[in-house]
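For reference, the chains in residue letters:
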Amino acid sequence: MARIDSVDTVRVIAITAVIAIHAGPFRYMSAGSLGSFDLWLVINQLARFAVPFFFVVSGFFWGQKIDEGRGIASTSVAMSRRILTIFIGWSVIYLCVDVGLHVRDIFRESGSALSLVEMAKHVYWYMIDRLSDPVTILFEGTREHLWFLAALVWCVAISAVLIAKGCTKTLIGLATLLYALGLLGKAYAQTPLGIEMPINTRDGPFFGLILFTTGYLLAKHRPKGDAFRSGQIVLLVGIVLHFAEVDYLNRRFGTDLAQDYVVGTYFMGVGAALIALSNRGGLRSAWSSSIGPYVLGIYAIHQLVVQQLSPLAAETSTALWNYGWQTVLVPLILGVSLLGSRLLARNPITRRLVT
């Protein structure tokens, strides 16, 4: 399968947006997500196109492989195995990191007063507590941002079963229903139509399935005409609708302005995907093509970097330093995460954790 260079360019932009969501540049200067749209909130909500975009292009390339004659089962198993390897591997890594930090905190509090047996007991009960919620582990692993990887596997599995049975319309209907339930259980939960859900509807197939399915349909029915122009229009409509929705929900129902998904977010992701799939000349870049293969690794590893650098982003003595640090924070995290991914990719054993 030929690589689409423009997809790599938008992938790099999207992973930068994901880092911006998690790093929260300018957040400490913000009035909070129940206030008004300030710089942090605008960046946070504009960046919401990123994960939907990843779902759409994942569905597109999955569907393209199937259209090329590769079996649905073999294609789905191969993709799921790759994603699960990263999901499980990084869940273990993040758990080990947290255990290490927990041990460090115990030493700071108790010094050498604890025996080895007592320390082992502390670690044991800490791990039991961290792994006590099987639903969270199933849908998010041991770090919240890993939810995307688990959700992607859910999307692949559901899509594979229904498409193999020739139930494409059922898949579309189910995906639409899940998206609606996801909205009613999250962004629209405080409206009269809202429902109380026992889980975070951001996780699992609630929002991802319709985006993954859209990518699959794009692979089967490539958009006619100028996909780049169409993508720009869809993206712009999505942005306007997204901001209008969260603003209305905040003013009318007191809902948090920082939302993962609303109706408009779907169109943001699809619009970005159409732009990426257009393969327009201006989007082709040797630099982004060299980074593209490491984007999944950057996604997995970047929270480690955020954890180390975010404390340094606290307010300091001068406004110039404050704004300067907040400005370079996201590209710095991107660069360090890319370096880490490339280093891990050099070893045959750790390569599977980042590519």
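Described below are features of the structure shown in this document. Here the structure is a predicted model, which means the values were calculated and not measured.

### Some words on the packing of aromatic side chains
Stage number 1. Here the structure, examined in full by the defined rule, presents 19 aromatic pairs.
Stage number 2. Considering the side-chain rings of Phe 139 and Trp 154, the 5.6 Å spacing of their centres and the 5 degrees angle between planes classify their relative orientation as stacked. Linking Phe 139 in helix 6 (residues 134–140) with Trp 154 in helix 7 (residues 147–164), this pair joins segments that are 15 residues apart in sequence.
Stage number 3. What makes Trp 154 partly exposed here is its relative accessible area of 32%.
Stage number 4. A centroid spacing of 6.1 Å and a plane angle of 85 degrees characterise the contact between Tyr 248 and Phe 253, whose relative ring orientation is edge-to-face.
Stage number 5. Owing to a relative accessible area of 47%, Tyr 248 belongs among the partly exposed residues under this scheme.
Stage number 6. The exposure class of Phe 253 is partly exposed, given its relative accessible area of 22%.
Stage number 7. Taken together, Phe 53, Phe 54, Phe 55, Trp 147, Phe 148 and Tyr 299 form an aromatic cluster joined through their ring pairs.

### Describing a nonpolar patch on the surface
Stage number 1. A surface patch of nonpolar side chains, about 250 Å² in accessible area, is lined by Leu 84, Ile 88 and Val 92.
Stage number 2. Among the secondary structure elements, Leu 84 is positioned in helix 4 (residues 72–110).
Stage number 3. Residue Leu 84 is classed as partly exposed on the basis of its relative accessible area of 33%.

### Considering the pattern of salt bridges
Stage number 1. Evaluation of the coordinates by the stated rule reveals 13 salt bridges.
Stage number 2. Across the pair Arg 48 and Asp 260 runs a salt bridge whose closest N-O atoms are separated by 2.8 Å. With a gap of 212 residues between them, Arg 48 in the loop between helix 2 (39–46) and helix 3 (50–67) and Asp 260 in the loop between helix 10 (227–253) and helix 11 (263–277) connect regions that are remote in the sequence.
Stage number 3. On the accessibility criterion, Arg 48 (12% relative accessible area) is buried.
Stage number 4. Its salt-bridge partner being Lys 186, residue Asp 260 comes within 3.4 Å of it at the nearest N-O pair. Of this pair, Asp 260 sits in the loop between helix 10 and helix 11 while Lys 186 sits in the loop between helix 8 (168–184) and helix 9 (205–220); the two residues are 74 residues apart in sequence, bridging distant segments of the chain.
Stage number 5. Its relative accessible area of 26% is what places Lys 186 among the partly exposed residues.
Stage number 6. In the salt-bridge network here, residues are joined through shared partners; they are Glu 140, Glu 144, Arg 202 and Asp 203.

### Details of helix 11
Stage number 1. Taking 1.5 Å of rise per residue, the 15 residues of helix 11 would be expected to cover 21 Å, and the 22 Å separating its terminal C-alpha atoms lies within 8% of that figure.
Stage number 2. Most of helix 11 sits out of view: 13 of its 15 residues are buried.
Stage number 3. Looking one or two residues beyond helix 11, the residue adopting positive phi is Asn 279, at roughly 55 degrees.

How each quantity is defined
- Residues numbered from 1 in each chain as written.
- Predicted model: local features only at pLDDT ≥ 70, side-chain atom pairs only at ≥ 80, totals over all residues.
- Heavy atoms only, no water.
- Phe/Tyr/Trp six-rings, centres within 6.5 Å; stacked < 30°, edge-to-face > 60°.
- Helix = DSSP H or I, 4+ residues; strand = E, 2+ residues; numbered from the N terminus.
- Buried < 20%, exposed > 50% of the residue type's maximum accessible area, 1.4 Å probe, protein only.
- Patch = residues over 30% accessible without salt bridge, like charges linked within 9 Å, V, L, I, M, F, W, Y side chains within 5 Å.
- Areas by Shrake-Rupley, 256 points an atom, 1.4 Å probe, with all protein chains shown as cover.
- Salt bridge = Lys/Arg side-chain N within 4 Å of Asp/Glu carboxyl O.
- Expected span 1.5 Å × (residues − 1).

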